[in-house]
Amino acid sequence: AGRRDFPKAMAETDFWISFHLLQTVDSFSNAVMRIVKGMEGANLGLRFYRWYAGCERSNMCLNFPENFPVRYGVRECVDLFRRNGVVVMPYTNPHILDANLELFRYACRDACKKENGDWYNEPYAGGPYGRHPFAVMCPAAKDWQDTVAHFSDRLFEETGANAIYYDQVGCSPPRLCFAPEHGHSLGGGTWWYEGRRKYLERAHRDYSSRNIPVTFE
């Protein structure tokens, strides 16, 4: 309570709701606003899933972390919610990268590597595509830390949100990594949590000063 750098928006939120944008943008905004009006006087927070294009009819995991472009009408919804005092916290995931993305041809160098040089595959359900391949990204890789900052900045610019959620960051166990280009000790060590801390401290510095909460699982 005594920290000046703690976002008041988080401390003063009375009630959080979690929504997946599965229906039309209009019905989604109407549903949220019914809750806002029904809880008049309460400070509400909204954890917001499926705000990005391409996930309307498929598993929400596809395309991580390239959750762009923003779905049509989302910016207008966020503006409406914020005008009514809601803290809007979109979902992101900096732990994994969709191995089917063109981006992976370049970003694979930032993935955690096994001793034989292969990347770790963490498959998740992919809707009609079955089990979908995802690489576990190395939190100590400087380029990946910059990538997390980049997509976070873009999220705020394009959605108008005033909070951010990083999935899996706090709960995923570390992987051994044998990539010498990442600049950490090979295999195990303290680099996993130190790398996580680096991009979380960066997010805290850049966003908490603007009263933007940063949360993670």
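Cut-offs applied
- Residue positions are counted from 1 within each chain, in the order its sequence is given.
- Whole-chain, interface and lining totals are the exception, using all residues; otherwise, since this is a predicted model, local features are given only for residues with pLDDT of at least 70 and side-chain atom pairs are given and counted only at 80 or more.
- Only hydrogens and water are removed before side-chain values are computed, so all heavy atoms of the structure are retained for them.
- Numbered from the N terminus, helices here are DSSP runs of H or I no shorter than four residues, and strands are runs of E no shorter than two.
- For every residue, the accessible area (1.4 Å probe, protein chains only) is compared with the maximum for its type, and the residue is labelled buried under 20%, exposed over 50%, or partly exposed between those bounds.
- Contacts are assigned to residue pairs that have any heavy atoms within 4.5 Å of one another.
- For the charge count, each Lys or Arg is scored as positive and each Asp or Glu as negative, with His and the chain ends excluded.
- A charged residue contributes its charge at one atom only: NZ of Lys, CZ of Arg, CG of Asp or CD of Glu.
- Interaxial angle, 0 to 180 degrees, is taken between N-to-C directions of lines fitted to C-alpha atoms, where a helix line uses only the stretch in contact.
- Between 65 and 115 degrees an angle is taken as roughly perpendicular, under 35 as roughly parallel, over 145 as roughly antiparallel, and anywhere else as oblique.
- Residues are grouped as follows: Ala, Val, Leu, Ile, Met, Phe, Trp, Tyr, Cys and Pro are nonpolar; Asp, Glu, Lys and Arg are charged; every other residue, Gly included, is polar.
- Pairing between strands is defined by DSSP: at least two bridges between the two strands are required.
- The handedness of a crossover follows from its direction of travel: if, with the strands pointing away from the viewer, the path from the first strand over the helix to the second runs clockwise, the crossover is right-handed.
- Any helix carries an expected span of 1.5 Å times its number of residues minus one.
- Comment: arc refers to directions from the helix axis out to C-beta atoms.
- The salt bridge criterion pairs a side-chain nitrogen of Lys or Arg with a carboxyl oxygen of Asp or Glu, the two atoms within 4 Å.

## Structural notes on the overall build of the protein chain
Line of reasoning, step 1. A count of helices and strands for the protein chain gives six helices and nine strands.
Line of reasoning, step 2. Projected onto the principal axes, the alpha-carbon positions of the protein chain cover approximately 55 × 50 × 25 Å.
Line of reasoning, step 3. Evaluated residue by residue, the protein chain yields a buried proportion of 50% over its 217 residues.
Line of reasoning, step 4. For the protein chain, contacts bridging at least 24 residues in sequence account for 74% of all contacts bridging at least 6.
Line of reasoning, step 5. Distance from the positive charge centre (26 side chains) to the negative charge centre (26 side chains) of the protein chain: 2 Å.

## Looking at unusual backbone geometry
In terms of backbone geometry, most residues other than glycine have negative phi values and most peptide bonds are trans.
Line of reasoning, step 1. A positive phi is found at Arg 50, a non-glycine position, where the angle reads about 60 degrees.
Line of reasoning, step 2. With respect to the element layout, Arg 50 can be found in the loop between β2 (44-49) and α3 (74-83).
Line of reasoning, step 3. According to the relative accessible area criterion, Arg 50 is buried, its value standing at 12%.
Line of reasoning, step 4. Positive phi values are uncommon outside glycine, yet Asn 211 reaches one of about 65 degrees.
Line of reasoning, step 5. Assignment of secondary structure puts Asn 211 in the loop between α6 (191-207) and β9 (214-216).

## Some words on the packing of helix α2 (residues 25-38) against α3
Packed helices, taken two at a time, are described by their axes: the angle between them and the distance between them.
Line of reasoning, step 1. Closest axis-to-axis distance for the α2/α3 pair is 10 Å, and the angle between their directions is 10 degrees. One finds that α2 runs roughly parallel with respect to α3. Residues Val 25, Phe 28, Ser 29, Val 32 and Met 33 of α2 touch α3, and the partners they reach there are Cys 77, Leu 80 and Phe 81.
Line of reasoning, step 2. Taken together, the residues that form the contact of α2 with α3 break down as seven nonpolar, one polar and no charged.

## Focus: the pairing of strand β1 (residues 15-20)
Consecutive side chains along a regular strand alternate between the two faces of the sheet.
Line of reasoning, step 1. Inspection of the sheet shows β1 paired to β2 by six bridges, in the parallel sense. Paired with Ser 18 across the two strands is Arg 47, which belongs to β2.
Line of reasoning, step 2. For the handedness criterion, the β-α-β arrangement of β1, α2 and β2 is classed as right-handed.

## Topic: helix α5 (residues 142-159)
Line of reasoning, step 1. In a regular helix each residue adds 1.5 Å, so 18 residues correspond to 26 Å; α5 covers 26 Å between its end C-alpha atoms and thus fits that length.
Line of reasoning, step 2. Looking at the buried residues of α5, the elements they touch are α3, β3 (87-92), β4 (96-98), β8 (164-166) and α6.
Line of reasoning, step 3. Directly after α5, the chain includes Gly 160, whose backbone phi takes a positive value near 80 degrees.

## Some points on the sheet that holds β3
Line of reasoning, step 1. Spatially, five strands are ordered β1-β2-β3-β8-β9 in an open sheet, and the strand pairing comes out parallel. Looking at strand neighbours, the two that pair on one side only are β1 and β9, the edges of this open sheet. Direction aside, the axes of adjacent strands within the sheet are offset by 25 degrees on average.
Line of reasoning, step 2. Against the sheet, α5 touches β3 and β8, its axis set at about 145 degrees to β8.

## Digging into α3
Line of reasoning, step 1. Along α3, the residues that are buried comprise Val 74, Cys 77, Val 78 and Phe 81. Along α3, the residues classed as buried sweep out an arc of 95 degrees about the axis, all on the same side. Among the exposed residues of α3, those oriented more than 90 degrees off its buried face are Glu 76 and Arg 83.
Line of reasoning, step 2. As for α3, its buried residues are in contact with α2, β2, β3 and α5.
Line of reasoning, step 3. The first or second residue beyond α3 is Gly 85, which carries a positive phi of 85 degrees.

## So, the pattern of salt bridges
Where side chains of opposite charge bring their charged atoms close, a pairing between them can arise.
Line of reasoning, step 1. Evaluation of the coordinates by the stated rule reveals eight salt bridges.
Line of reasoning, step 2. The partner of Arg 75 in a salt bridge is Asp 79, and the shortest N-O contact between them spans 3.4 Å. In this pair, Arg 75 and Asp 79 both sit in helix α3, four residues apart, roughly one turn of the helix.
Line of reasoning, step 3. Looking at Arg 75, the relative accessible area reads 33%, which means it is partly exposed.
Line of reasoning, step 4. In this structure, Asp 146 and Arg 202 form a salt bridge, with 2.8 Å as the shortest nitrogen-oxygen distance. Of this pair, Asp 146 sits in helix α5 while Arg 202 sits in helix α6, placing them 56 residues apart in sequence.
Line of reasoning, step 5. A relative accessible area of 26% places Asp 146 in the partly exposed class.
Line of reasoning, step 6. Because the salt bridges share partners, they merge into one network encompassing Lys 142, Asp 146 and Arg 202.

Geometry only, nothing functional implied.
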